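# Structure at a glance
The chain contents come next:
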Amino acid sequence: MKTVLQLLQLLGVLVCSGQAALQVSISLNKVELSVGESKFFICTAIGEPVRLEWFNPQGERIVASRRMALHTEASRSRLIIYNAIIEDAGIYRCQATDANGHTEEASVVLEIYQRLTFRDVQSPQEFRHGETAEVVCDVISSPVPAVVWYYQDREITEEPHSRYMVLPNNNLQIHQVTKADEGVYRCEASVEARGEIDFVDIAVVVNVPPVLSVFQQSFNATADYQESVTFTCITSGSPDPLVTWHRKSQQLEPSEQYILSRLEGGRSMLTIRNIRQSDGGTYSCRATNKAGVQERELFLKVFVQPHILQLKNVTAVEGSAAMISCLAEGEPLPEVSWRRASDGQTFMDGLRSSDSRVEVRGRHGKSELTISGVKLTDLGRFDCEALSRIGGHQKSMFLDIEYIPKFLTNHTVYFSWEGNPVNISCDVMSNPPATMLWRRERFTIPTEGTHNTRIHSAEGKSVLEVTPMSDRDFGRYNCTARNNIGVRYQEFILAQADVPSNPHSVRLSAVSQRLATVTFMTPDSHGGVPINYYLVQYREAGSLEWRDVRSHSVQTTVVLTGLEPNTTYEVRVSAVNGKGQGEFSHTESFQTLPIREPSPPAVHGQRGVGKAYRLGLVKQDDGGMPIVEYIVKYKTDKEEQWMTKLVPGAQDFAMLQPLQWNTRYEVEITARNVKGLSEPTFYQFFMPQKPDITAESLFSGLGLGAVVGLGLGALLLLLVLVDVSCFFLRHCGLLMCITRTLCGKKTATGGKGKELEEGKAAYLKLPLKEENGKESLKPDTIEIKVHSDNSLHTQPNISKA
C-alpha cells in the first residue's frame, strides 16, 4: 500500500512538473570475480540526467586510472575494473543527478576470491644426502586450500615412524633424505567450496657428497728424460664430482706438460709429461660437487739428471757480435757442448771454428758461445747439450739476425702510356720488417693513394699502381724502406711507352697460285712494352681495300691463303703492342703464279691381295686448279701395248688388277686439271712368283674357327676310310653292321645253324692272315660272336701268349 502511495506521489510530481522521472539501473546486481580477472558494469539512467558518477566501496568517487576505466555518455556509463585484487571487493554505486539537483542511484555487489595459485614452485629441488629435506609447495586460494602429497602414484600419509611429514605451511618434510628418495613428487591442492583442484609436479634430487680413493700415493721419476707419471683418483658421488688437480695451492690447467683425462668408472688421471726437477713435490686430487668436497694428496719424487736451466733466444745485428749463454745443472756436473743446426758443426769448450769467428768458453756448468762478425748464414737454431755419465739433456735456441733492408729486384724501368695503369713493384727483404713508402719529386704519396695512384702493400712488398694522365706523371719514383737498423732507397723510372717501330726485311717466299708466305724481321724498337702480335695487310694491286691477317702470337712468318692466280699483290706489316699499332713496313709486291698444268704426282706402291697392286698417289702442286683425274697407264716389260685406268682426282690411290705372276710392270701416271696434263711420273714394280699352296698358305688366311673345322672334317674323313677298309678286309666295322641290319642276312655254318635259329650265340674261329694272303703260323684267332639280331662282335683270342 505504501509503495502504491509513493508511485502516486511520484506521478503527481511528474504531472505537475511536466518532466520524466529519474531512474537508475546497473546491468548486474552481484558479481563474483577471481583475483587477476577483469570485469565491466553498465549503468543506465532514464530521464534527463546531467551527470553520472561511480562510487567505490569506501564511498569515494571513482576517477579513471590504469586499473579502473570510465566511459560515460549522456545517459549511460561503463565502469571497467582490470586485474582485480582482493581490496577491490565491496559495493559499487552509480549515481545520476538531474538539472534540479535531484539524485538517484543503483548499486552492485562485487565479491572477489583467490583462485588456486602455485607461487614460484621450483623444480627440481635439491637436497644433501642425510639432511632433513623440506620440499616447498607454496599454494594460495580463498578459502585456504587442502593440500595432499603423492609419490610414485601413492598418497603420502603421516604414519608412525614415517620419515614423511606434511608441514602446516603445506611443505613436505623428508627426514634423513637418501638417494632412494629421489623422484617426482606431486603437490595437489583443492578448494571444496568451488570444486577447484590443481597440482604441480616437483622433481626431488638428492646430492651425495664425493668419496675419493687412490691406488698409489707416492711416485718416483727421473728428470729431463722426457718421462711421464700418471696419478689416478677414483671418485663417486651424485652428481658426478668435478675433479681438479692442485699443486702449491694452484689449480692445474691442461697444457703440453699437464694432461688431464677422465675415464668411465669415476677414474680421473693427471699425466705429467717431460718431468723436470721442479716438478717434484706434493699434488692434490680434489673432488667437488653440490654436496661437498674431498681431497687426497699424492707425492712425486724426482731424481736429478743433467738439466739445462737457462737458454734463451738471441737477436743480433748483422756485422756485430752475438753471445749465447747456456746454464746447466746436474749431479755430477755435466759438460756442455754446442751444435749449429744449419750445418751440424759442433763447438766444444776452448776451441775455435775454422774461420775463427766462433769461440766457446765454459765453467761450472755455464757455457758461452760467442760469434764475431755475425752473418746472415749464422741465422738459425743452435743446440746446447749437457752430458754426464748418467745421462744428458739438450735444448735449442734460435739466433735471429736483424739487418738493414735489402732490395731484391733490379727491374727499375717501367713503361706505360696515358690512361694505361702500370704496377711498379718494390720488393724488400729485412729484419725486422721494414715500413715502405713512395715518394715523387720530394712529395710522399699517401698510403690511400691519389687520384691516379694506388698503393698495394704486403709483407716485404709494396706495389705502386700508377695510371699516367699526362706527361707530368712520367719520371722518377722513389721507394723508401726503413726499419730500426737503417734505411735504404731505390729509384724507379716510369718512361712513356710508344708504339713499336715498323718491321723490316719483308720477304715473300713459297709463292704459288693460291698461297704466299710472308717473313719479316722484328722492329728495332718495341716501344717499351711487349709486342702482342703482328698485323699483315695485303691487297690486289690497284685496290683500295686492304685485308688483315694476324700473326700467331709474335711469330714473324704469316701464310696468306685464298689468293687469286696470276695476280699482283701488295703486302705490308706492322707491329702492335699495348700502346697501339706501329707504322707499317715498306710495301712489297709479288705476283702469284698463273694457272698451269699440275706437277707430276708422287707415287708409292704396295702389294695388294692376290693379283693386285696398290699405287698410292700423293698430290703435288695442282697448278692453281683442282686435279680432275689421274691417268694411270701400265704394261709388262715385254709388251708394247699400254693398259689405261682413270682415277678421280679426289682419290689418293689406284688399284691395278688382275696382274700376272713373276712379271715386271712399268707404270706411267699423269695428273690432269682444266689447264692440261702434267709431266708423267714413271714407276716400276715386280709381281712375285705364284705362291705354293701349302698348309701354311692355306691356313694363313683362316681364322681359328675355320682351322678347327677343317681339322674335325679331316678326322671324320679318316674314320670313314678306316671303316670302309674294315668292311672289305675284315668284314667288320660300322658299315658292316648297317649292311647286315638292312639286308637281314644270316650267317650259318654246319651244325651251328640250329643254334643260331634258337637265338644262341655261336663262335667262328677264323685263322689270321698274313699280308701276302697266306695263313699265319701263329695259333692266334679272332672270335666273332654272332647274336640272334645278326649283330657281330669281334674279340681277339688272347688265351695264348
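Residues numbered from 1 in each chain as written. Predicted model: local features only at pLDDT ≥ 70, side-chain atom pairs only at ≥ 80, totals over all residues. Heavy atoms only, no water.

### Brief notes about the overall build of the protein chain
The criterion, for reference: The secondary structure listing takes helices from DSSP runs of H or I that are at least 4 residues long and strands from runs of E that are at least 2 residues long, numbered from the N terminus. Under the scheme applied here, a residue whose accessible area is under 20% of the maximum for its type counts as buried, over 50% as exposed, and between as partly exposed, the area being computed with a 1.4 Å probe on protein chains only. Throughout, a contact is declared for two residues whenever any of their heavy atoms are within 4.5 Å. Using the Shrake-Rupley algorithm and a 1.4 Å probe, accessible areas are obtained, with residue cover drawn only from the displayed protein chains.
Scanning the protein chain from N- to C-terminus turns up 5 helices and 61 strands. For the protein chain, the proportion of its 801 residues judged to be buried stands at 36%. Put simply, 59% of the contacts in the protein chain that link residues at least 6 apart link residues at least 24 apart. On the protein chain, roughly 48,100 Å² of surface is accessible, and the fraction owed to carbon and sulfur atoms is 52%.

### Digging into the confidence of the model for the protein chain
Predicted coordinates in regions of low pLDDT should not be interpreted in detail. Rule in force here: Each residue carries a pLDDT score, the predictor's own confidence in it, on a scale running from 0 to 100.
With 88% of its residues at a pLDDT of at least 70, the protein chain reaches an overall mean of 84. Every residue in residues 1–8 scores below 50 in pLDDT, and together they form 0 contacts with partners more than four places removed in sequence or on other chains. Taken as a whole, residues 10–18 scores under 50 in pLDDT and shows 4 contacts with residues more than four places along the chain or in a different chain.

### With respect to the sheet that holds strand β1 (residues 23–26)
Adjacent strands of a sheet form backbone hydrogen bonds with each other and so pair up, either parallel or antiparallel. Operational definition: At least two bridges found by DSSP between two strands are what make those strands a pair. All axes here are fitted lines through C-alpha atoms, helices being fitted over the stretch that makes contact, and every angle between N-to-C directions spans 0 to 180 degrees.
As summarised here, the arrangement of the 4 strands in space is β1-β3-β6-β5, forming an open sheet in which the pairing is antiparallel. With partners counted over all chains shown, the strands left at the sheet margins are β1 and β5 (68–72), one partner each. Each neighbouring strand pair of the sheet contributes to a mean axis angle of 15°, computed without reference to strand direction. The sheet contact formed by β1 and strand β3 (residues 39–46) spans 4 bridges and is antiparallel. Bridge assignment links V24 to a residue of β3, and that residue is A45.

### Comments concerning the side chain of N478
To keep it simple, the criterion reads: Two N or O atoms count as a polar contact when they lie within 3.5 Å, although within protein this holds only if one can serve as hydrogen donor and the other as acceptor, and sequence-adjacent residues are included solely when both atoms are side-chain atoms.
Note that N478 resides in strand β42 (residues 475–482). Classification of N478 by relative accessible area gives buried; the value is 19%. In this structure the side chain of N478 is engaged in a polar contact, spanning 2.9 Å, whose partner is the side chain of T480. Not counting residues within four places of it along the chain, the set of residues in contact with N478 comprises L437, W438, R439, Y489 and Q490.

### Remarks on a nonpolar patch on the surface
Stated formally: Note that patches include only residues with greater than 30% relative accessible area and no salt bridge, and the join distances are 9 Å for like charges and 5 Å for nonpolar side chains (Val, Leu, Ile, Met, Phe, Trp, Tyr). Criterion for a salt bridge: a side-chain nitrogen of Lys or Arg within 4 Å of a carboxyl oxygen of Asp or Glu.
A surface patch of nonpolar side chains, about 960 Å² in accessible area, is lined by L715, L716, L718, L719, V720, V722, V724, F728, L729 and L735. When residues in the nonpolar patch are grouped by element, the largest group, 9 residues, is from helix α3 (residues 704–729). Mapped onto the fold, L716 is located in helix α3.

### Observations regarding the packing of aromatic side chains
Convention followed: Here the aromatic set is Phe, Tyr and Trp, taking the six-membered ring for Trp, and pairing holds for ring centres within 6.5 Å; pairs whose planes are under 30 degrees apart are stacked, those over 60 apart are edge-to-face, and all others are tilted. Geometrically, a charge over a ring is one whose NZ (Lys) or CZ (Arg) sits within 6 Å of the ring centre while staying within 35 degrees of the ring normal.
Applying the stated rule across the entire model yields 11 aromatic pairs. Judged by centre distance (5.6 Å) and plane angle (45°), the ring pair of W438 and F492 falls under tilted. With a gap of 54 residues between them, W438 in strand β38 (residues 435–440) and F492 in strand β43 (residues 487–496) connect regions that are remote in the sequence. Exposure remark for F492: the relative accessible area of 0% places this residue in the buried category. Following the ring pairs from residue to residue traces out a cluster consisting of F219, F231, W245 and Y283. Over the aromatic face of Y164 sits the side chain of R163, whose NZ or CZ is 5.8 Å from the ring centroid. Note that R550 overlies the ring of Y533, its terminal NZ or CZ placed 4.0 Å from the centroid.

### Examining the sheet that holds β43
The strand order across the open sheet formed by 5 strands is β36-β43-β42-β38-β39, and the pairing between neighbours is mixed. A strand with exactly one partner marks an edge of an open sheet, and here the two such strands are β36 (413–416) and β39 (443–445). Shown here is a sheet whose adjacent strand axes are inclined to one another by a mean of 35°, direction ignored. Pairing between β38 and β39: 3 bridges, direction antiparallel. Its bridge partner being in β39, W438 is matched across the sheet by I445.

### Topic: the environment of R614
Position of R614 among the secondary structure elements: in strand β52 (residues 613–618). On the basis of relative accessibility, which here comes to 29%, the residue R614 falls in the partly exposed class. With 41 residues separating them along the chain, R614 and M655 place their C-alpha atoms 4.6 Å apart. The contact partners of R614, leaving out residues within four places of it in the chain, are H604, G605, Q606, G608, F653, A654 and M655.

### Thoughts on the nonpolar core
Note the cut-off: To form a nonpolar core, buried Ala, Val, Leu, Ile, Met, Phe, Trp, Tyr and Cys residues must be joined to one another through side-chain atoms within 4.5 Å.
Judged by nonpolar contacts, the single largest core of 23 residues is most densely connected at V135, W149, L172, I174 and Y185. The set of elements that each furnish at least two residues to this core consists of β11 (133–135), β13 (146–151), β16 (172–174), β17 (183–191) and β18 (196–214).

### Concerning unusual backbone geometry
The omega torsion of the bond from S142 to P143 falls at 0°, within 30 degrees of zero and hence cis. The residue P143 is located in the loop between β12 (139–140) and β13 in this model. In the Ramachandran plot, A510 falls in the positive-phi region, its phi being about 50° despite a non-glycine side chain. Within the secondary structure, A510 is located in the loop between β44 (504–509) and β45 (516–521).

### Quick notes on the state of the cysteines
A disulfide bridge is the covalent bond that connects two cysteines by way of their sulfur atoms. Operational definition: Disulfide assignment relies on a single distance test, namely cysteine sulfur atoms paired within 2.5 Å.
Here the structure, examined in full by the defined rule, presents 5 disulfides. Residue C426 pairs covalently with C479 via a disulfide, S to S 2.1 Å. Between C426 and C479, the disulfide has an S-S torsion of -85° and is therefore left-handed. Note that C426 is positioned in strand β37 (residues 422–431) and C479 in strand β42, a separation of 53 residues in sequence. For the pair C426 and C479, a shared accessibility class is recorded, and that class is buried. Cysteine pairing in the protein chain follows 1-2, 3-4, 5-6, 7-8, 9-10, where each cysteine in a disulfide is numbered by its order in the sequence.

### Section: the side chain of T244
One can find T244 in strand β21 (residues 242–247). Taking relative accessible area as the criterion, T244 reaches 13% and is therefore assigned buried. Of note is the side chain of T244, whose polar atom sits 2.8 Å from the side chain of H246. Those residues in contact with T244 that sit more than four places away from it in its chain are Q251, S284, C285 and R286.

### Remarks on the environment of G582
Mapped onto the fold, G582 is located in the loop between β49 (568–577) and β50 (588–591). Classification of G582 as buried rests on a relative accessible area of 8%. Taking the C-alpha atoms as reference points, G582 and P523, 59 residues apart in sequence, are found 9.5 Å from one another.

### Side note on the pairing of strand β24 (residues 267–272)
Burial analysis of β24 places 5 of its 6 residues in the buried class, the great majority of the element. In this structure, strand β23 (residues 258–263) lies alongside β24, joined through 6 bridges in antiparallel fashion. Bridging from a neighbouring strand, R262 pairs with S268 of β24. Two successive antiparallel strands, β23 and β24, enclose a turn made up of 3 residues, where G265 displays a positive phi of approximately 80°.

### Digging into the environment of R572
Among the secondary structure elements, R572 is positioned in strand β49. It is 9.7 Å that separates the C-alpha atoms of R572 and N502, two residues lying 70 residues apart in sequence. Those residues in contact with R572 that lie beyond four places of it in its chain are L535, V536, Q537, W546, F584, S585 and T587.

### With respect to the pattern of salt bridges
Within this structure, the stated rule accounts for 31 salt bridges. Ionic pairing is found between D181 and R163, a salt bridge with its closest N-O pair at 2.9 Å. With D181 in the loop between β16 and β17 and R163 in the loop between β14 (154–155) and β15 (164–166), this residue pair connects regions lying 18 residues apart in the sequence. Given the relative accessible area of 3%, D181 is considered buried. Of the charged contacts, one joins D383 and R339 as a salt bridge, the two residues approaching to 2.7 Å between their closest N and O atoms. Here the residue D383 occupies a position in strand β34 (residues 380–388), and R339 occupies one in strand β30 (residues 335–340), the gap between them amounting to 44 residues. Looking at D383, the relative accessible area reads 2%, which means it is buried. Its relative accessible area of 30% is what places R339 among the partly exposed residues. One network of salt bridges, with partners in common, ties together R340, D343, D355, R357 and D378.

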